[in-house]
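Coordinates in review
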Amino acid sequence: MAVSAKDRLAARNDLAWAISVGGIGVVGFAALLLFSWHFAATLFLIFAGMLLGVALNAMTNMLGRVVSLTHSLRLTIVCLVLAGLLSGVVFLGGATIAQQATVLSGTIKSQLVGVKAFLDRHGIDTSYFELGSAAAPPTDSSTPATSAAPTHNLPSPGAIASGGGAIVSQTLKLLLGTVSAVGNFFIVFFLGLTFAAQPSVYRTGLLFMAPVRHRARATVIVDRIGETLERWLIAQIITMFAIFLVTWIGLAIIGIQSSFILGIQAGLLGFIPTVGALIGGLIVVLASLASGWVAAASAFVLFLGVHAMESYILTPIIQRHALDIPPATLFAFQILLGIVFGIWGLALALPLMAIVKVMIDYFKADEIAADAVAA
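Residues numbered from 1 in each chain as written. Predicted model: local features only at pLDDT ≥ 70, side-chain atom pairs only at ≥ 80, totals over all residues. Heavy atoms only, no water.

**Structural notes on the overall build of the protein**
Counted only if it meets this: Helix and strand labels come from DSSP, where a helix needs a run of H or I of at least four residues and a strand needs a run of E of at least two; each type is numbered from the N terminus. Burial classes follow relative accessibility: with a 1.4 Å probe on protein chains only, a residue under 20% of its type's maximum area counts as buried, one over 50% as exposed, and anything between as partly exposed. We call two residues in contact when some of their heavy atoms are within 4.5 Å. Each accessible area is a Shrake-Rupley estimate made with a 1.4 Å probe; only the visible protein chains count as cover when residues are assessed.
Within the protein, the secondary structure is distributed over 12 helices and zero strands. N-terminal to C-terminal, the α/β element order of the protein is α-α-α-α-α-α-α-α-α-α-α-α. Buried residues in the protein amount to 27% of all 375 residues. Put simply, of all contacts in the protein between residues at least 6 apart along the chain, 66% involve residues at least 24 apart. Split by element, the accessible area of the protein, about 24600 Å² in all, is 73% carbon and sulfur.

**A closer look at the pattern of salt bridges**
Which entries qualify depends on this criterion: The working definition used for a salt bridge is a side-chain nitrogen of Lys or Arg within 4 Å of a carboxyl oxygen of Asp or Glu.
Under the definition given, this model contains two salt bridges. Arg203 serves as the salt-bridge partner of Asp223, at 2.8 Å between the closest nitrogen and oxygen. Taken as a pair, Asp223 in helix 6 (residues 215-254) and Arg203 in helix 5 (residues 199-208) lie far apart in primary sequence, 20 residues in all. One salt bridge connects Lys357 with Asp361, and the closest N-O pair in it is separated by 2.8 Å. Note that Lys357 and Asp361 are positioned in helix 12 (residues 349-374) at a spacing of four residues, about one turn of the helix. Here Asp361 falls in the partly exposed class, since its relative accessible area comes to 40%.

**Digging into the side chain of Gln334**
By the secondary structure assignment, Gln334 is in helix 10 (residues 327-341). Ignoring sequence-local partners within four residues, the contact set of Gln334 consists of Ile272, Pro273, Thr274, Val275, Leu346 and Ala349.

**With respect to the nonpolar core**
Where we set the bar: To qualify as a nonpolar core, a set must consist of buried Ala, Val, Leu, Ile, Met, Phe, Trp, Tyr and Cys residues joined through side-chain atoms within 4.5 Å.
By size, the foremost hydrophobic cluster in this structure holds 25 residues, and its most contacted members are Leu51, Ile225, Leu229, Leu233, Phe271 and Leu348. Those elements giving two or more residues to this core turn out to be helix 2 (40-64), helix 6 and helix 12. It is helix 2 that provides the largest number of residues to this core, a total of eight residues. If we skip the residues at most four places from it in the chain, Phe271 touches Trp232, Leu233, Gln236, Met240, Ala347 and Leu348. Residues Val284, Ala295, Ala299 and Val306 belong to the second largest nonpolar core, which totals 14 residues.

**Notes on the environment of Pro273**
One can find Pro273 in the loop between helix 7 (259-269) and helix 8 (275-288). A C-alpha to C-alpha distance of 9.3 Å links Pro273 and Leu346, two positions 73 residues apart in sequence. Sequence-distant contacts of Pro273, defined by excluding residues within four places in its chain, comprise Leu330, Gln334 and Leu350.

**Brief notes about the confidence of the model for the protein**
As a reminder, the rule being used: As a per-residue quantity, pLDDT reports the predictor's confidence and falls between 0 and 100.
Of all residues in the protein, 73% attain a pLDDT of 70 or more, and the chain-wide mean is 76. Helix 4 (residues 157-197) is the least confidently modelled element of the protein, averaging 71 in pLDDT, while helix 2 averages 88, the highest of any element.

**Let's talk about the packing of aromatic side chains**
Stated formally: Any two of the Phe, Tyr and Trp rings considered here, Trp counted by its six-membered ring, make a pair once their centres fall within 6.5 Å; the pair's planes then place it as stacked at under 30 degrees, edge-to-face at over 60, or tilted in between.
Applying the stated criterion across every chain, the model contains 12 aromatic pairs. Between Phe35 and Phe39, the aromatic rings sit 4.9 Å apart at their centres with planes inclined by 40 degrees, giving tilted as the arrangement. Relative to Phe244, the ring of Phe241 has its centre 6.1 Å away and its plane inclined at 50 degrees; by these criteria the two rings are tilted. Residue Phe241 and its partner Phe244 are both found in helix 6; the two are separated by three residues, about one turn of the helix.

**Some remarks on the packing of helix 7 against helix 8**
As a reminder, the rule being used: Comment: axis = line fitted to C-alpha atoms, over the contacting stretch for helices; angle = value between 0 and 180 degrees taken between N-to-C directions. When describing relative orientation, an angle under 35 degrees is termed roughly parallel and one over 145 degrees roughly antiparallel, while 65 to 115 degrees is termed roughly perpendicular and anything else oblique. A crossing counts as left-handed when the near helix is turned anticlockwise from the far one by less than a right angle, and as right-handed when that turn is clockwise. Residues are sorted three ways: Asp, Glu, Lys and Arg are charged, Ala, Val, Leu, Ile, Met, Phe, Trp, Tyr, Cys and Pro are nonpolar, and all the rest, Gly among them, are polar.
Running from amino to carboxyl end, helix 7 crosses helix 8 at an angle of 165 degrees, the nearest separation of the two axes being 8 Å. Here helix 7 is positioned roughly antiparallel relative to helix 8, judged by the angle of their axes. For helix 7 against helix 8, the interelement crossing comes out right-handed. Here Leu262, Gln265 and Leu269 of helix 7 lie close against helix 8, whose contacting residues are Gly276, Ala277, Ile279, Gly280, Ile283, Val284 and Ala287. Here the contact of helix 7 with helix 8 is composed, by residue class, of seven nonpolar, three polar and no charged.

**As for the packing of helix 2 against helix 6**
It is the contact of helix 2 with helix 6, at a shortest axis distance of 9 Å, that shows an interaxial angle of 80 degrees. Here helix 2 lies roughly perpendicular to helix 6, going by the angle between them. The segment helix 2 lies against helix 6, with Leu51, Val54, Ala55, Asn57, Ala58, Met59, Asn61 and Met62 engaging Gly226, Leu229, Glu230, Leu233 and Ile234. Classifying every residue of the contact of helix 2 with helix 6 gives nine nonpolar, three polar and one charged.

**Some points on a nonpolar patch on the surface**
Going by this rule: Residues enter a patch when their relative accessible area is above 30% and they make no salt bridge; the linking distance is 9 Å between like charges and 5 Å between nonpolar side chains (Val, Leu, Ile, Met, Phe, Trp, Tyr).
On the surface, Phe29, Leu32, Leu33, Phe35, Phe39, Leu43, Ile46 and Met50 cluster together into a nonpolar patch covering about 750 Å² of accessible area. Looking at the nonpolar patch, the elements with two or more residues in it are helix 1 (5-38) and helix 2. With four residues, the single largest contributor to the nonpolar patch is helix 1. Along the chain, the position of Phe39 falls in the loop between helix 1 and helix 2. Owing to a relative accessible area of 42%, Phe39 belongs among the partly exposed residues under this scheme.

Right, dumping it as structure tokens:
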């Protein structure tokens, strides 16, 4: 059957249009990936602020079940309570935290030096791991000691300039690191506070960007993501507090000096599933080695108990309605984001995966419903 020239032209135009749209889509997707790669730290910072806003909004809504006040007043009460708790911890235990942090830092460094010496004695090269070095280099006994009086020669101008430059460089690095950390904290805090102050405004603005024909579906997805993140964050806060309390009391009973600061770091690392627990347990065991092998073994048993409590009691009971992600899938996703994006990807892998899971579950439910109707 012969095809008319008009039909051939229409088919050629359709093919050209499809190729153009596909090419634009591929270029746009590549540009989006490149943008995300270069500005990953900033995007993760914004996402952390959004998570803080979701957490503040969840606590504000929980307070609304108890008292009938406006949203702004309830948010103010929540922020004041959190600020009061933080100030109480700082003022009542600030000296203890600073002292225990100093002791813990020295203990960890000495234990790393001991581990390095042990591995070196058994012929294992530790230069790749940079575990540490001895406090002072060994002296050569074959070199005779001189008893001459010390000289008071002034250093050369080049040595003074070199030493001054090194001091200025290290000082600038320290100042820039401190300013960056404080700046990131205030950015996350400000974003979280603004998101929690007017959640409906940002929700409406986000839905406005969706096409009109897909706005109803986007509304359902956004609401489900918000509810899932709220449930998970509240459950995670309870879990982190329980880990802190049990670790602190358990290490205090064992007799570890830095029990309070170790409990704080274990609770904070509890925000990162699997990897955080392993890092926290390693730090606890290393810090306990200074008190003897019995204390280290007791701390290891305590770590196993805390991990079992988190995995088999808190997570199934508290988070059974929040997330249901297989551990192997979550761990693989954590490793992937940790390698690609560093600490930000490792810390925020679970909420990102929760968002992806909500979207997949929604579209899978649509497919199942469509198949049932078709059948």
